[in-house]
Structure formats: structure tokens, C-alpha cells
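An overview of the molecular structure
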Amino acid sequence: MTHDTPATDHAHGPGAAAHPDFAWDDLYTGDGSDTADPDPMLLAPAHDLPPGRALDLGCGAGGNALALAERGWRVTGVDLAPRAIASTRAGACARGLVDRIELAVADSATWRPRTAYDFALSSYALPPRGPGRTATLATLAAALAPDGTLALGEWDEEVCDWAEPGDLATLAELTEAFTGLGLEIVRATRQAVPRIQHPGEEHAVIVVARKPRDTLGVTG
Ligand SMILES: C[S@@+](CC[C@H](N)C(=O)[O-])C[C@H]1O[C@@H](n2cnc3c(N)ncnc32)[C@H](O)[C@@H]1O
């Protein structure tokens, strides 16, 4: 890693597209010991849904993906970092969940869904603002089945002062993007949340959206 500050400071920081030298993989062991706790706020929208197919785009070491699989969901986890995917796989093996998890090492900007998902999650894993982010948001929307639910959390650009320009997100850009992609916004909030793997809180933007029932399925 070429950055001066400690690796842990970057755990929710730069994305690979704007920082091609940022080594996300260095944040992970690959053995499952780095799997974070699930994020209750982002998983809450899935609570009342019957377990179906879930996508975790930028799944990291799999805390959320494994929690969904434990609740009966069939989960696809995608992440750029091979060791993150290895950790998710190790966690799935340890918990007897391998049959419910499909994993891919891939860039969210270019990965394409092969099925439609009832729940899609993006947990502090957006690429920086630009074509990669635009493509990732479009993929999240396209991946949803009609009536499917999306939950996205990202660090709030209007409050957080620790990131590179364009790394974080505003609520307005996310709600505008998802509305433009044909989703209905169910909830859009700015709030302090516990910062996973770190002590204390940080300010996040959280968007929950739904694909209307009368739209077509997966495109692009
Ligand atoms: C801050 S971590 C969050 C991990 C996990 N979602 C969580 O909440 O614990 C960000 C993750 O996004 C992944 N990531 C960053 N850019 C990505 C991209 N363009 N495509 C896929 N994954 C990406 C990183 O490898 C990293 O695992």
C-alpha cells in the first residue's frame, strides 16, 4: 500500500478506480478472521422479506453476505479483492453455508448479474464518483427483480472530512441516480452509524429503494 496513514484508516476510504494503487486486498487476510459483524441497519430492509436471492456488491469479508445466508437467503457476493472473497468463502465453509453462497472476484463497474435479486446490498463499497460509480449504481438497479429491495450505505461527503474528493457520496446524488434508474425511494437518511471495524461513529447516507413491480427484469 502506498498511502502514509494506517491501513485501518482506509477501511471505508478510497475506491480502486480513482486510486489504482490502493490495495484493497491488503485490508484482508483471506482466512475469514477479518469478517466484520453484519450491519443491522442495512440488513433491516431484508428482515420482512421471505428469503430469496440476495446480492452483496462489494461484500468485503462477507459479514452481511453470511448473515443473509444464515437467514436462508441464496447470496451472491462480489468483491474486487481476492482475499476478501477468500475470507467470505472461509466463513461460509466454517458456518456450513457454502451451498447458499456464490462468490466472484470482480469489479462492480463491469460485473453483470446472471439472475434477478430480491434484495441487493451495497455496504460502503461504492467506487469513487465517475464512470465506475455510475455503472455500479446502474448494476445494482438492474440486478433487482421487480418488487426487489435495495439497501445502500456510504459515508456522507457533506460531513466526513477524511476522504479523497469524490470517494464519498451525497444523499442527493444517490436518490437522483436511483430515481433516474426507475427505482422508488423508500427511505433516504443521513445519520450517524457505528463504523464497522472501528471504534465510534461516523456519518453515513443510507438509501433504501424498491424496484416497481411493473418494470422489466434484468437488463444490460
Ligand atoms: C469498506 S469495505 C466494505 C466491505 C463490506 N461491504 C462491509 O460492509 O463490511 C469496501 C469493499 O469494497 C470493495 N470494492 C471497492 N471498490 C470495488 C469495486 N470497484 N468493485 C468491487 N468491489 C470493490 C473493496 O475491495 C472492499 O472489500
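This text follows the structure it describes.
In short, a report on the structure. (Residues numbered from 1 in each chain as written. Predicted model: local features only at pLDDT ≥ 70, side-chain atom pairs only at ≥ 80, totals over all residues.)

Here we look at the overall build of the protein chain
Secondary structure summary: the protein chain contains 5 helices and 7 strands in total. Overall, the protein chain shows an N-to-C arrangement of helices and strands of α-β-α-β-α-β-β-α-β-α-β-β. The burial tally for the protein chain puts 46% of its 220 residues in the buried class. Here the analysis covers contacts within the protein chain between residues at least 6 apart in sequence; of these, 71% occur between residues at least 24 apart. (Helix = DSSP H or I, 4+ residues; strand = E, 2+ residues; numbered from the N terminus. Buried ≥ 20, exposed ≤ 12 C-beta atoms within 10 Å, placed from the backbone. Contact = placed C-beta atoms within 7 Å.)

Section: the packing of helix H2 (residues 63–70) against helix H3 (residues 82–94)
Two elements in contact, H2 and H3, have axes separated by 10 Å at closest approach and are oriented at 30 degrees. In terms of their interaxial angle, H2 and H3 are classed as roughly parallel. Crossing of H2 against H3: the hand is right-handed. Taken together, the residues of H3 that come into contact with H2 (itself represented by Ala 65, Leu 66 and Ala 69) are Thr 88, Gly 91 and Ala 92. (Axes fitted to C-alpha atoms, helices over the stretch in contact; angles between N-to-C directions. Parallel < 35°, antiparallel > 145°, perpendicular 65-115°, else oblique. Left-handed = near helix turned anticlockwise from the far one by under 90°.)

Some details on the site of the ligand
The local shell around the ligand holds 25 residues, among which Trp 24, Gly 60, Ser 108, Ser 123 and Ala 125 are the closest. Its residues assigned to classes, the shell around the ligand shows 14 nonpolar, 8 polar and 3 charged. (Near = placed C-beta within 6 Å. Nonpolar A, V, L, I, M, F, W, Y, C, P; charged D, E, K, R; others polar.)

A word on the pairing of strand S1 (residues 53–57)
Among the 5 residues of S1, 5 are classified as buried, and the element is accordingly described as predominantly covered. The alternating pattern of S1 places Arg 53, Leu 55 and Leu 57 and Ala 54 and Asp 56 on opposite faces, both of which are buried. Viewed along the sheet, the connection from S1 through H2 into strand S2 (residues 74–79) turns out right-handed. Sheet topology places S1 next to strand S4 (residues 117–123); 3 bridges connect them, and they run parallel. Each residue of the ladder has a partner; that of Ala 54, found in S4, is Phe 119. (Right-handed = clockwise from strand over helix to strand, strands pointing away. Pairing = 2+ DSSP bridges.)

Remarks on helix H5 (residues 171–180)
Since the α-helix advances by 3.6 residues per turn, residues separated by three or four positions end up pointing in the same direction. Buried within H5 we find Leu 174, Ala 177 and Phe 178. An end-on view of H5 places all buried positions within 90 degrees of arc, on one side of the element. Within H5, the exposed residues directed more than 90 degrees away from the buried face are Ala 172, Glu 176, Thr 179 and Gly 180. Against helix H4 (131–143), strand S5 (144–155), strand S6 (184–194) and strand S7 (201–210) lie the buried residues of H5. In the stretch just after H5, Gly 182 is the one whose phi turns positive, near 90 degrees. (Arc of directions from axis to C-beta.)

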